[in-house]
Amino acid sequence: MYQLIDGKAISTALKEELKGKVDALKAQGVEPCLAVILVGEDPASTVYVNNKKKACEFIGIKSLSYELPESTTQDELLALIDKLNADDGVNGILVQLPLPKHIDEDAVIQAISPKKDVDGFHPQSVGALCIGQKGFVSCTPAGIIELLKRSNVEIEGKECVIIGRSNIVGKPMSLLMLRENATVTVCHSRTKNLKEVTKRADILIVAIGKPKMITAEYVKEGAVVIDVGIHRLEGKKLCGDVDFDTVAEHTSMITPVPGGVGPMTIAMLMKNCVDSVTM
Ligand code: GUN
């Protein structure tokens, strides 16, 4: 019988803890403040940004909202980031991605001060993670570490296989698992004999972006499976990259979709915002 890793419950517990920390900061006269920038009206991004603002409200973090038109130029966006970098009242800056095509995402990410980079996307943050120095860590992989630890999954010495090598999930995930002393393998679209590799995993982390691609043949009996994917099927039901209905019974623990990794991403963003006060 497998155990469900309840990301909703774990994220709620984390947010309650953060609320306590923010209350303590406020008692000392410090109010954490996150600036959230959205360019354009992409429906998914609008939902994500609203959820981030709601989480701030729940925890007691002040949020400043900048909803800019699609026609915003790169220079205008960079000027806003410069202003927010220089504002001592702002601790964290989040620019929702993707940006409109006429704006260079890398230039925007690099413009954010590493001290306010609550997404952990700045090259300095990524470099710090790579060499084990202090810095912000990308929220989804950081949330997965939190899920594993709070579910008492032993990481040290375990075979961890990650499918996906994106800058936001796969790559930082591999560095975090390495930091936790796992033996780490990163697979991707050009990996040969994928099933043979994933079958070795004690901990399998899936971030490929293909609905239900991972079936039971990819999973070792008793493995811990973490599903980062989220897709809306016809009929509106949500599913992950893992075919939950056939895989779950072969695992010892698995995250559901929805209610697994997703809620942890926002909770870790909130943690980064609280940490940004002392960065
Ligand atoms: N778009 C999709 N995920 C993210 C995220 O974690 N941060 C930002 N800024 N944009 C995103």
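Remember, it's a predicted structure, so these values are computed and weren't measured experimentally. (Residues numbered from 1 in each chain as written. Predicted model: local features only at pLDDT ≥ 70, side-chain atom pairs only at ≥ 80, totals over all residues. Heavy atoms only, no water.)

Draft legend 1. View of the nonpolar core. If you look at the biggest cluster of nonpolar residues, it comprises 49 residues, and the most contacted ones within it are I61, L148, M177, I203 and I205. It is helix α10 (residues 261-276) that provides the largest number of residues to this core, a total of nine residues. In this structure, M177 is in contact with I145, L148, I155, C160, A182, V184, I203 and I205, ignoring residues within four places of it in sequence. (Core = buried A, V, L, I, M, F, W, Y, C linked by side-chain atoms within 4.5 Å. Buried < 20%, exposed > 50% of the residue type's maximum accessible area, 1.4 Å probe, protein only. Helix = DSSP H or I, 4+ residues; strand = E, 2+ residues; numbered from the N terminus. Contact = heavy atoms within 4.5 Å.)

Draft legend 2. Layout of the layout of surface pockets. In this model, the largest pocket occupies a volume close to 1300 Å³. What lines the largest pocket is a set of 41 residues, and nearest its centre among them are Y48, T140, I230, G262 and T265. For the lining of the largest pocket, the elements supplying multiple residues, two or more each, are α1 (7-27), α2 (43-59), α6 (139-150), β9 (231-232) and α10. Residue composition of the lining of the largest pocket, grouped by class: 20 nonpolar, 14 polar and seven charged. (1 Å grid on protein atoms, 1.4 Å probe; cavity = no way out; pocket = protein on both sides within 12 Å on 5 of 7 lines; lining within 4 Å. Points joined across faces, edges and corners; volume = space filled by probe spheres on them. Nonpolar A, V, L, I, M, F, W, Y, C, P; charged D, E, K, R; others polar.)

Draft legend 3. View of the side chain of S174. You can see S174 is positioned in helix α7 (residues 170-179). Look at S174 and you get buried, because its relative accessible area is 14%. If we skip the residues at most four places from it in the chain, S174 touches I162, V184 and V186.

Draft legend 4. Main features of the site of the ligand. Lining the immediate surroundings of the ligand are K52, V95, Q96, L97, D119 and F121. For the ligand, a nitrogen atom lies 2.8 Å from a polar atom in the backbone of V95. Separating a nitrogen atom of the ligand from a side-chain N or O atom of Q96 is a distance of 3.2 Å. Taking 270 Å² as the accessible area of the ligand by itself, protein coverage stands at 79%. Looking at side-chain class alone, the shell around the ligand contains three nonpolar, one polar and two charged residues. (Near = heavy atom within 4 Å. Polar contact = N/O pair within 3.5 Å; in protein donor to acceptor, adjacent residues only side chain to side chain. Areas by Shrake-Rupley, 256 points an atom, 1.4 Å probe, with all protein chains shown as cover.)

From the geometry alone we can't say anything about function, so treat these as descriptive.
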